[in-house]
Amino acid sequence: MTLYAEVIIDLISNAVDQPFHYRVPPSLSTIIRAGQKVKVPLGNRRTEGYVLRLLKETEIVKLRDIEAVSDPEPLLNAEQLALISWLSNRYY
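Quantities reported herein were computed from a predicted structural model and do not represent experimental measurements.

> Quick question: what am I supposed to make of the pairing of strand β3 (residues 37–42) here?
Two faces belong to every sheet, and in a regular strand the side chains alternate between them. Counting buried positions along β3 yields five of six residues, so the element is predominantly enclosed. In the sheet, β3 pairs with strand β4 (residues 45–55) via six bridges, with the strands oriented antiparallel. Across the sheet, the residue bridging to valine 38 is glycine 49, located in β4. Between β3 and β4, which follow one another and run antiparallel, lie two residues, and glycine 43 among them has a positive phi close to 65°. When β3 meets strand β5 (residues 68–69), the two strands line up antiparallel, connected through two bridges. The residue bridging lysine 39 from the neighbouring strand is alanine 68, located in β5.

> Would you mind going over the side chain of glutamine 36 with me for this structure?
Positionally, glutamine 36 belongs in the loop between β2 (20–24) and β3. You can call glutamine 36 buried: its relative accessible area is 1%. Polar contacts involving the side chain of glutamine 36 include one to the main-chain amide nitrogen of arginine 33, which spans 2.6 Å. At a separation of 3.3 Å, a polar atom in the side chain of glutamine 36 contacts the main-chain carbonyl oxygen of aspartate 71. When residues no more than four places from it in sequence are discounted, the contact partners of glutamine 36 are Ile31, Gly49, Tyr50, Val51, Val69, Asp71, Pro72, Glu73, Pro74 and Leu75.

> Where do I start with the pairing of β4 in this structure?
Two strands pair when backbone bridges link them, and strand β1 (residues 3–9) and β4 are joined in this way by six bridges, in the antiparallel orientation. If you follow valine 7 over to β4, its bridge partner there is valine 51.

Calculation rules
- Residues numbered from 1 in each chain as written.
- Predicted model: local features only at pLDDT ≥ 70, side-chain atom pairs only at ≥ 80, totals over all residues.
- Heavy atoms only, no water.
- Buried < 20%, exposed > 50% of the residue type's maximum accessible area, 1.4 Å probe, protein only.
- Helix = DSSP H or I, 4+ residues; strand = E, 2+ residues; numbered from the N terminus.
- Pairing = 2+ DSSP bridges.
- Polar contact = N/O pair within 3.5 Å; in protein donor to acceptor, adjacent residues only side chain to side chain.
- Contact = heavy atoms within 4.5 Å.

And the structure:
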């Protein structure tokens, strides 16, 4: 089964003000969790982001793979992830 991740990019820019979907490669599928910092491709460069949530399905057809998990433990807990979502919906 293919696993997908919704990732918020760690940049301040209107161009990346939404979550992006990435495919989780099989090598990371057993260790990746919501709240972890990951390395992802974005355009022609690589950047870091945070996994907001893991998905079993996505409607996005063309996806790129998460390249690596930066930290073995999640840096954001469930409450912080919920707050991020609420702040995004409320103020942006």
